[in-house]
Amino acid sequence: MIDHLKVPKGMAQSAIERARKLGMVDNSFSIQTDAEYVLIPLIAGTAPFMEYPTVKAQGRPSRRKYQPLDTHGAFDVIGHIAITKIRNREKAESLAQSLIKANKSISTVYLDTGIWGEYRIRNLELLAGTDNPVAMYRENSVVMALDVRKVYFSPRLATERMLVSKDVRDGEEVLDMFAGIGPFSLNIARWHRCTVHAIDSNPDAIYYMQQSIELNRLNGKVIPHNADVEAALYQLNGFHRIIMNLPHDSFRYLDVALQHLHPGGTLYYYEMLDIKTLEERMEELRSRNLDLLQKRVVHGYSSRESMFALWLRKP
Ligand code: SAM
């Protein structure tokens, strides 16, 4: 028996789309229907961030050939650029050609062969179109400039950034510890009269963050810091909210983050976890007396791991 989201038939289409976007759907099982409801199979251990109830039901193995989660979305679009991770070269090239033909707005298609190094930069090979890695990208009414070859960026976090931004209040001091080009910081400062300190060790990320600060009419202030996070934090005091988006290494920095969080403050913690490591992590968080506000999957990562959002309050 596995968890399924139970959705009235009339709402099924939009619920499936949202659940897929949030990385909650277990694609190795089929979606089931009866006269009134649709049952959407969920990745085990994920607390659904949706208004529908969860029920236990026998999972029906999907007849479709198993597809690893990291290629499931087929491609991401960042401005005029499409990026695919499809490993089969022939399929990737054919997808690239059809994307260019079918979408007037896409003029560059890259193959992502992996992310490397401290700056989390993608290895990109041109599959079709012109080799132009500098894009203008818009999400939640925020415009960002970036070079996809020089900085980390994922459009799959757009919903998460909107949710965090909605949680912030005017007048607060916010810390974005691994800010990249600053999409969390910009989403927050776009709507709130608050100050966001955005730290990243990659000088190119800070360059594009500065460009994006100028491109947007922000209500608040984003202060970029090009430094290692621990060095930058020597100069900074307490915060009402801290964002930790370094999903393969966040835990290393948890204690230093907590030292800079005000009592009652909120920590937005992201990490790639499987069922076993999620349990271990929850234990570590409990031992630090943190209150769990939310636990959910942001998106799938591999056949076993997903990126989890853990929203925590310091007592
Ligand atoms: N939060 C960003 C977003 O939503 O697009 C990007 C986060 S990316 C996963 C992690 C970022 O952390 C990279 O831009 C990398 O350069 C930066 N980084 C890694 N280690 C760091 C460190 N010790 N100090 C400061 N920045 C670091």
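Looking at the protein as a whole, its pLDDT mean stands at 90, while 93% of the residues score no less than 70. Long-range and interchain partners of residues 65-72, a stretch whose pLDDT sits below 50, account for 15 contacts in this model, where long-range means more than four residues apart.

As a further point, take the pairing of strand S16 (residues 291-300). Strand direction decides the pairing type here: S16 and strand S17 (residues 306-313), joined by 8 bridges, are antiparallel. Across the sheet, residue arginine 296 finds its bridge partner in S17, namely alanine 309. The turn linking S16 back onto S17 is made up of 5 residues.

Within the open sheet, the 4 strands sit side by side as S2-S3-S1-S4. Their pairing is antiparallel. Strands at the two margins of the open sheet, each flanked by one partner only, are strand S2 (32-33) and strand S4 (54-57). In terms of strand pairing, S2 meets strand S3 (residues 37-41) through 2 bridges, oriented antiparallel. What sits directly across from threonine 33, in S3, is valine 38.

For the rest of this paragraph, the subject is the pairing of strand S11 (residues 173-176). Successive side chains on a regular strand alternate, one facing one side of the sheet and the next facing the other. The pairing of S11 with strand S12 (residues 195-200) spans 4 bridges and is classified as parallel. Across the sheet, the residue bridging to glutamate 173 is threonine 195, located in S12. Handedness of the S11-helix H4 (residues 183-191)-S12 crossover: right-handed. Strand direction decides the pairing type here: S11 and strand S14 (residues 239-245), joined by 3 bridges, are parallel.

In this section: the site of the ligand. If you check the shell around the ligand, you find 20 residues, and the closest are Arg161, Asp200, Asp228, Val229 and Asn245. Take serine 201: an N or O atom from its main chain is 3.1 Å from a nitrogen atom of the ligand. Contacts to the ligand include aspartate 228, whose side-chain N or O atom sits 2.9 Å from a nitrogen atom. In the complex, the protein chains occlude 97% of the 600 Å² of accessible area that the ligand would expose alone. Of the residues belonging to the shell around the ligand, the class tally is 12 nonpolar, 4 polar and 4 charged.

A few words on the sheet that holds strand S15 (residues 261-273). Pairing in this open sheet of 7 strands is mixed, and the strands run S13-S12-S11-S14-S15-S17-S16 from one edge to the other. Every other strand in the sheet has two partners, leaving strand S13 (221-226) and S16 as the edge strands with one partner each. Each neighbouring strand pair of the sheet contributes to a mean axis angle of 15°, computed without reference to strand direction. Pairing geometry for S14 and S15, over 6 bridges, is parallel. Each residue of the ladder has a partner; that of isoleucine 243, found in S15, is tyrosine 268.

Right, let's talk about the packing of helix H3 (residues 158-167) against H4 for a bit. Interhelical geometry of H3 versus H4 gives an angle of 45° and a closest axis separation of 9 Å. Relative to H4, the element H3 is oriented oblique. For the crossing formed where H3 meets H4, the hand is right-handed. Listed contacts from H4 to Glu160, Arg161, Val164 and Ser165 of H3 are Pro183, Phe184, Asn187, Ile188 and Trp191. Taken together, the residues that form the contact of H3 with H4 break down as 5 nonpolar, 2 polar and 2 charged.

The rules behind these values
- Residues numbered from 1 in each chain as written.
- Predicted model: local features only at pLDDT ≥ 70, side-chain atom pairs only at ≥ 80, totals over all residues.
- Heavy atoms only, no water.
- pLDDT = per-residue confidence, 0-100.
- Contact = heavy atoms within 4.5 Å.
- Pairing = 2+ DSSP bridges.
- Helix = DSSP H or I, 4+ residues; strand = E, 2+ residues; numbered from the N terminus.
- Right-handed = clockwise from strand over helix to strand, strands pointing away.
- Near = heavy atom within 4 Å.
- Polar contact = N/O pair within 3.5 Å; in protein donor to acceptor, adjacent residues only side chain to side chain.
- Areas by Shrake-Rupley, 256 points an atom, 1.4 Å probe, with all protein chains shown as cover.
- Nonpolar A, V, L, I, M, F, W, Y, C, P; charged D, E, K, R; others polar.
- Axes fitted to C-alpha atoms, helices over the stretch in contact; angles between N-to-C directions.
- Parallel < 35°, antiparallel > 145°, perpendicular 65-115°, else oblique.
- Left-handed = near helix turned anticlockwise from the far one by under 90°.

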